[in-house]
Amino acid sequence: MKSKLIFIRHPETEENLLNIQQLHHTANFTEKGMKQLKAMKEYLTNYKMDFCFSSDSPRCIKTAEELINKSVQCAFIITPLLRDKSNGIFEGLKNSEIDWTEINKQPFETRKAPEGESLKEVKERLLILMNKIICLPENSTVLIISHNLPISVLIGYLLGYDLEKTIANIKINNCTFSTGELDATEFKIKAINQEILK
């Protein structure tokens, strides 16, 4: 039996629009972001979710609360394992204000901003969550709400990509739909980064 995994990134925020390294607690959706959320909610009407795992960032929790059909039984789990990658002292700054030169000299998987997190560390915590998801009842539909990087890393891992190939080939835009089927031996991607709001 196969389980269905659905990955959704939170809608566009003011910080996304301004190219700011977001702080964990921000949840300022733009007008476009609110339209994205409404379109995604309508798109998911025919899906019955058994489990919903959300980042503990307020922008993801807010997204999850809008998307879950409260009249249907769905286990809702909020977890820091799905947090965005921490960029330490750079959070809250515009990308144009950050000098990545010295950091980019570090090895790809372990490079990180001061007081931040590396890709390797992000992947390690995401695999803790994935091991829990793999143990869920067969034929479950699992909604995962997170951020660009964690969703990219999870999908890359399931497709057998290393981190460098993942970052080079997978990008998840705001409030897009990605899905695949998972069984004991393989993951088959069915859609990735599908825009719902046209």
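Here is what the cut-offs are and how they apply
Residues numbered from 1 in each chain as written. Predicted model: local features only at pLDDT ≥ 70, side-chain atom pairs only at ≥ 80, totals over all residues. Heavy atoms only, no water. Helix = DSSP H or I, 4+ residues; strand = E, 2+ residues; numbered from the N terminus. Expected span 1.5 Å × (residues − 1). Contact = heavy atoms within 4.5 Å. Pairing = 2+ DSSP bridges. Axes fitted to C-alpha atoms, helices over the stretch in contact; angles between N-to-C directions. Core = buried A, V, L, I, M, F, W, Y, C linked by side-chain atoms within 4.5 Å. Buried < 20%, exposed > 50% of the residue type's maximum accessible area, 1.4 Å probe, protein only.

Visitor: Any chance you could explain helix α2 (residues 31-43) here in plain terms?
Guide: Think of an α-helix as turning once every 3.6 residues; residues three or four places apart then point the same way. When the terminal C-alpha atoms of α2 are compared, their 19 Å separation across 13 residues agrees well with the 18 Å that a helix rising 1.5 Å per residue should span. Here the buried face of α2 lies against β1 (3-9), α3 (58-67) and β5 (177-182).

Visitor: Whenever I open this one, the sheet that holds β1 confuses me. Can you help?
Guide: The strands making up a sheet associate through backbone hydrogen bonding, with each pair oriented either parallel or antiparallel. Pairing within the open sheet is mixed, and its six strands lie in the order β3-β2-β4-β1-β5-β6. Edge positions in the open sheet fall to β3 (75-79) and β6 (187-194), since each of these has one partner strand only. The average undirected angle you get between the axes of adjacent strands in this sheet is 15 degrees. Pairing analysis gives four bridges linking strand β2 (residues 51-55) to strand β4 (residues 141-146), with the strands arranged parallel. Bridging from a neighbouring strand, Phe51 pairs with Val142 of β4. Running over the sheet, helix α5 (residues 148-158) touches β1, β4, β5 and β6 and is turned about 150 degrees from β1.

Visitor: Before we go on, may I ask you to explain the environment of Leu126 in this structure?
Guide: Relative to the helices and strands, Leu126 resides in helix α4 (residues 119-134). Linking Leu126 and Lys171, residues 45 residues apart in sequence, is a C-alpha distance of 17 Å. Dropping the residues within four chain positions of it, Leu126 is found in contact with Leu81, Leu82, Pro150, Val153 and Leu154.

Visitor: Help me out: how do you make sense of the nonpolar core in this one?
Guide: Nonpolar side chains tend toward joint burial in soluble globular proteins. Membership of the largest hydrophobic core comes to 26 residues, with the highest contact counts inside it found for Leu5, Phe7, Phe53 and Ile133. Contributions of two or more residues to this core are made by β1, β2, α4, β4 and α5. Leaving out residues up to four positions away in the same chain, Leu5 has contacts with Ile133, Val142, Leu158, Ser178, Thr179, Gly180, Leu182 and Phe187. By size, the runner-up hydrophobic cluster in this structure holds 20 residues, among which are Phe29, Leu37, Ile145 and Phe177.

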